[in-house]
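Here is how the chains run, residue by residue.
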Amino acid sequence: QVQLVESGGGLVQAGGSLRLSCAASGHTFNSYTMGWFRQAPGKEREFVAFISWSGGTTYYADSVKGRFTISRDNAKKTVYLQMNSLKPEDTAVYYCAAHRSSYGMGKAERDFGSWGQGTQVTVSS
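Caption draft 1: Here's a closer look at the environment of Ala 98. The topology assignment puts Ala 98 in strand β9 (residues 92–99). Residue classification places Ala 98 among the buried positions, given a relative accessible area of 1%. Spatially, the C-alpha atoms of Ala 98 and Gly 116 are 8.9 Å apart, while their sequence positions differ by 18 residues. If we ignore the near neighbours within four places in the chain, the residues touching Ala 98 are Val 2, Leu 4, His 27, Thr 33, Met 34, Phe 112, Gly 113 and Ser 114.

Below, the structure written as structure tokens:
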């Protein structure tokens, strides 16, 4: 059973930055692609970014490309999401997720089998 615990959310002004962290336990972290998703009030959960098991491949949603950076530290079993130039429309609950299969790829929600509890990010205008 994979456990994922997010941290680092909070309230920030537009243009500011936050770094989210997701600590994993219970699986071979360095064999799994990890992702970040978000869900704004009244909207469906959407893909934000993923990073492959080695860190060699990253992929971003168009809405965050150039502003957000996903990274991972396999020794610490932690994945990060650095968020810069935040906008009010980035306000959402952010979820960390582990891919369903080791060495798997893909950014669809169905590709991810384990989820954290989420952390709230609020960007004020």
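Next comes the rest of the description.
Caption draft 2: Focus on the pattern of salt bridges. What the rule picks out here adds up to five salt bridges. The partner of Arg 38 in a salt bridge is Glu 46, with the nearest N and O atoms 2.6 Å apart. Its relative accessible area of 6% is what places Arg 38 among the buried residues. Using a relative accessible area of 35% as the deciding quantity, one classes Glu 46 as partly exposed. Between Asp 62 and Lys 65 there is a salt bridge whose closest N-O contact spans 3.1 Å. Several salt bridges share partner residues, and in doing so they unite Arg 38, Glu 46, Arg 67 and Asp 90 into one network.

Caption draft 3: Region of interest: the state of the cysteines. The tally for this structure, following the rule as stated, stands at one disulfide. There is a disulfide in this structure between Cys 22 and Cys 96, and the S-S distance comes to 2.1 Å. Of note, the bridge from Cys 22 to Cys 96 carries an S-S torsion of about -75° and is left-handed in sense. Residue Cys 22 is located in strand β3 (residues 18–25), and its partner Cys 96 is located in strand β9; the two are separated by 74 residues in the primary sequence. When sorted by exposure, Cys 22 lands in the same class as Cys 96, which is buried.

Cut-offs and rules
Residues numbered from 1 in each chain as written. Predicted model: local features only at pLDDT ≥ 70, side-chain atom pairs only at ≥ 80, totals over all residues. Heavy atoms only, no water. Helix = DSSP H or I, 4+ residues; strand = E, 2+ residues; numbered from the N terminus. Buried < 20%, exposed > 50% of the residue type's maximum accessible area, 1.4 Å probe, protein only. Contact = heavy atoms within 4.5 Å. Salt bridge = Lys/Arg side-chain N within 4 Å of Asp/Glu carboxyl O. Disulfide = S-S within 2.5 Å.

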